[in-house]
Amino acid sequence: MFANTLRRALCSLWGALVLLGAGNAFAGYSDTINLVKGVTDISHKVYDLHMLVFWICVVVCVGVFAVLIYSIIYHRKSKGAKPATFHESTTVEIIWTTIPFLVLVVMAVPATTTLLALEDTRDADMSIQVTGYQWKWKYDYLDEDISFFSVLTTPREQIEGSEPKSENYLVEVDNPIVVPINKKIRFLITSNDVIHSWWVPALGWKQDAVPGFINDGWTELSEPGTYRGKCAELCGKDHGFMPIVLIAKTEEDYAAWVAEQKGAAEADAAAATQTWSMDDLIARGESVYNTNCAACHQANGAGIPGVFPAITGSAIATGDMAGHVDIVMNGKAGTAMQAFGAQLNDVDLAAVITFQRNALGNSAGDMVQPSDIAAAR
Amino acid sequence: MSTATTHDEHHHGAPSGLMRWVKTTNHKDIGTLYLWFAFIMLLVGGAMAMVIRAELFQPGMQVVDPQFFNTMTTMHGLIMVFGAIMPAMVGFANWQIPMMIGAPDMALPRMNNWSFWILPFAGTMLVSTLFMEGGGPAFGWTFYAPLSTTFAPASTDFFIFAVHMLGFSSIMGAINIIATVLNMRAPGMTLMKMPLFVWTWFITAFLLIAVMPVLAGVVTMMLTDRNFGTSFFDAAGGGDPVLFQHVFWFFGHPEVYIMILPSFGIVSEIIPTFARKKLFGYSSMVYATASIAFLSFIVYAHHMFTTGMPVAGELYFMYATIMIAVPTAVKVFNWTATMWRGSMTFETPMLWAVGFVFLFTIGGFTGLMMGVAPTDMQYHDTYFIVAHFHYVLAAGALFAILGGVYYWIPKWTGNMYNERLGKIHFWWSAISINVLFFPQHFIGLAGMPRRIPDYSLQFADWNMISSLGGFAFGLAQIFFLFIVIKTIKGGEKASGQVWEGAEGLEWTVASPAPYHTFATAPEVK
Ligand SMILES: [Cu+2]
């Protein structure tokens, strides 16, 4: 693994050197050294503006460096250079103040039009609310009554290195956000706890998710495809582990996906009316726990001292059932413990609570049924 | 003060023993203390950077856990900004400003002692948070609320107190510099005759006095949000998390100029000396510095383009920001014109200064790119910005500081440093810093966010290269420590003039500079 990466690293370094010499090698490396070009009209505008400003900078930079290097080579004492005595020139100074100013004006024009287009979220065909949580995303389809969380699926073993890393390491999730193509989609972006930032580079922008406020952004995709992104604003421990996967589908495929989601919601509702066995609850609870709770309370239930309490031996998780149900459903205001009543369905809540009481080193011996959770809502 | 010390001072010698350093009011002693403090902090902050680069060497988590990684990025930033760069600049100011303007000492020597001695306590308090339950601050050096309020570990209150103390120290240092420059100049040393280093520090001091209270304000608001039930930054209580960013960046943007303006000053001293030619456009340099300082107050929200500002706000901050390119360009042109048709030699200080001009220019251009709001929607919070600010702060401010040390250390110690070692240090640093930071432009553009302990596989190659550069750059600074100690211990004796082309009052006194200089003011023509 290590030797391979090193070899590849040296190859890239070599590639970059070649590229500096011969511009035509650019194509092969451009996706790891330049701005993502993206797949929307806006992202192309942003990319073009980026290249424009970049080339202006390169031209000026090369000019200044050429003068400096010439001077360094020829105006040396060892070459017998005698110092000139000039030390000011109003004309020259006015010229080199005015020219940069004019260059900036030239840049500002396309920058303004691109910005105005980027921020124009009017006349959208549909809206999706995006909510950042420590450390996952929630998507609410405001026109469809669909709502789900999207959590990283890369297994811990891959992160810790005991298994080889898969192709989409750290950019894979359980429930991707699915959108139709050829529709102007407006995203309403907010947060439940700290500030996050929702960023899919292929769309050409990012937008902060600020708790208590709603920001917006928009996109219109023309090709079906899968686009990956990440949370871009430091949001605590697992900031690096809350990716975004966006799938664009044709309108027919999107309609089929919507129908499937609604079917799944009905199946869940049916499951909530059944009586579950302890073993089934614990088995389901384990996966709910690993997806939703382990980031803070840790996979073994030990927590992180001083930050996240342990579940193992916790007075709440081994004590009175009502207290346990209460903190999981309603969270604790002013702490990182969220109100999971609004995030998980009755079955998952019953399962995770039963799991915490009878696993992770605890053995309270009792369980809670989905119907009890429904009654507690 | 005891009669014994007064007596000593009459004999123009330095008192000996530990108490010399604790009780000193001598600008040279205090300058030395500042510089050593900064150096120690540079090594502490640098060690944290090594932890960061070690974790990012390969994808996967192998060295530290994510929470501690966040603590490292946070503490690295805080320590480098408040512990290394700023105190080093104050150290230069203490040593050089009185000697450059022909003053016997700083205007307020006892306050000078106090403003230094606050620092080690503040620094210790900040570092001690690492050992507290829940760990140290892990919310980035920008400590955005509510991550730094509701969601932060208990040690945050110690962090807040440490920032308050650092702020006190900076404000006192700034007052002292302004008072010295305004009142202590030798006869004939008019403002427009002052060396550029003095000018840049004079302007920086006003920036400090203006913005340090704002920093104190924002951490106090955090403190009351955390402990006394206010909701400045909590929407649930009617506050606004983005308000934090407005207040923070109103401090934070001038802060970056606080670090870079004195660097401009140092470079503007070094280049004319080794070009053997007067600084080109002295007065436009002064005006450019003043306009950069002024503009720094009215552009701060370019750090916040993605927070959901109204479009009109974004347009205004974009236009104002890219305007800064004008005075900055003027500076670079002036340095170039100073070198043009000079008679240059490239001793170590000149190498650092020229390295500064090249690398700072690159950092300036990426800054311009990020000032363009629509493209910043992509660059923001990626490794592109990490590359940018390390080009201006590490390859910029730090290079200027290192150049300044080589430039003035013969005056401070009376010994020449070893030229060959100095040159090795420069080339070693200059090459490794580019291996370290240049690839970060690539991975940032390609989509790697900043402040993440682990990354997806397409970023693996460049991260490894960057880490290798980082380790080499870190090692080079240990080498620098060796060079400094070697120079203090001995070496070829320096003349008073030291550099053939050097001009200015500090070169008219002996090397090492006597404990008291300019007890009677020199006459400046
Ligand atoms: Cu996040």
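All figures in this text were calculated on a predicted structure; none of them were measured in a lab. (Residues numbered from 1 in each chain as written. Chains lettered and ligands numbered in written order. Predicted model: local features only at pLDDT ≥ 70, side-chain atom pairs only at ≥ 80, totals over all residues. Heavy atoms only, no water.)

Colleague: Honestly, the overall build of chain B in this entry has me stumped. Any pointers?
Modeller: A tally of helices and strands in chain B yields 16 helices and 0 strands. Taking 525 residues into account, the globule formula puts the C-alpha radius of gyration at 24 Å, and chain B, at 23 Å, falls close to it. Across its three principal directions, the C-alpha atoms of chain B cover 65 × 55 × 45 Å. Considering only contacts in chain B between residues 6 or more positions apart, those separated by 24 or more positions represent 83%. Between the mean site of the 22 positive side-chain charges and the mean site of the 25 negative ones, chain B shows a separation of 14 Å. (Helix = DSSP H or I, 4+ residues; strand = E, 2+ residues; numbered from the N terminus. Rg over C-alpha atoms; globule rule 2.2 N^0.38 Å. Contact = heavy atoms within 4.5 Å. Lys, Arg positive; Asp, Glu negative; His and termini not counted. Charge placed at Lys NZ, Arg CZ, Asp CG, Glu CD.)

Colleague: Mind showing me how you'd approach the domain arrangement of chain A here?
Modeller: How large an interface is tends to be reported as the accessible area lost when its parts come together. We note that the domain assignment places domain 1 (35–119), domain 2 (126–269) and domain 3 (272–376) within chain A. Once you take the C-alpha centre of each, domain 1 of chain A and domain 3 of chain A turn out to be 59 Å apart. (Domains from an automatic or database assignment.)

Colleague: Looking at this model, I keep getting lost on the coordination of the copper ion. Mind explaining?
Modeller: Ideal geometry at a metal centre gives angles of 109.5 degrees when four donors are arranged tetrahedrally and 90 or 180 degrees when six donors are arranged octahedrally. Residues and elements named next belong to chain A. Distances from the copper ion to its protein donors, His196 (ND1), Cys231 (SG), Cys235 (SG) and Met242 (SD), fall at 2.1 to 2.6 Å. For the copper ion, the 4 donor atoms in the first shell make angles of 93 to 130° at the metal, so the coordination geometry reads as tetrahedral. Each donor residue of the copper ion lies on one chain, and together they are spaced H-x34-C-x3-C-x6-M. Of this pair, histidine 196 sits in strand S6 (residues 196–200) while cysteine 235 sits in the loop between strand S9 (225–231) and strand S10 (243–249), placing them 39 residues apart in sequence. (Donors = N, O, S within 2.8 Å, 3.2 Å for Na, K, Ca; no water. Tetrahedral: all angles 85-135°; square planar, octahedral: opposite > 155°, others 65-115°.)

Colleague: Got a minute to help me understand the interface of chain B and chain A in this structure?
Modeller: Listed as interface residues are 103 residues of chain B and, on the opposing side, 100 residues of chain A. For the pair chain B and chain A, the summed buried area comes to about 8,700 Å², and 72% of that belongs to carbon and sulfur atoms. Summed over the shared surface of chain B and chain A, the result is 1 salt bridge. Glu500(B) is paired through a salt bridge with Lys77(A); the nearest N and O atoms lie 3.0 Å apart. Linking chain B with chain A are 24 residue pairs in polar contact (both at pLDDT 80 or more). Residue contributions to the side of chain B that touches chain A peak at 10 residues, all from helix H11 (residues 325–339) of chain B. When its residues are assigned to classes, the side of chain B that touches chain A shows 61 nonpolar, 28 polar and 14 charged. (Buried area = accessible area lost by both parts, 1.4 Å probe. Salt bridge = Lys/Arg side-chain N within 4 Å of Asp/Glu carboxyl O. Polar contact = N/O pair within 3.5 Å; in protein donor to acceptor, adjacent residues only side chain to side chain. Nonpolar A, V, L, I, M, F, W, Y, C, P; charged D, E, K, R; others polar.)

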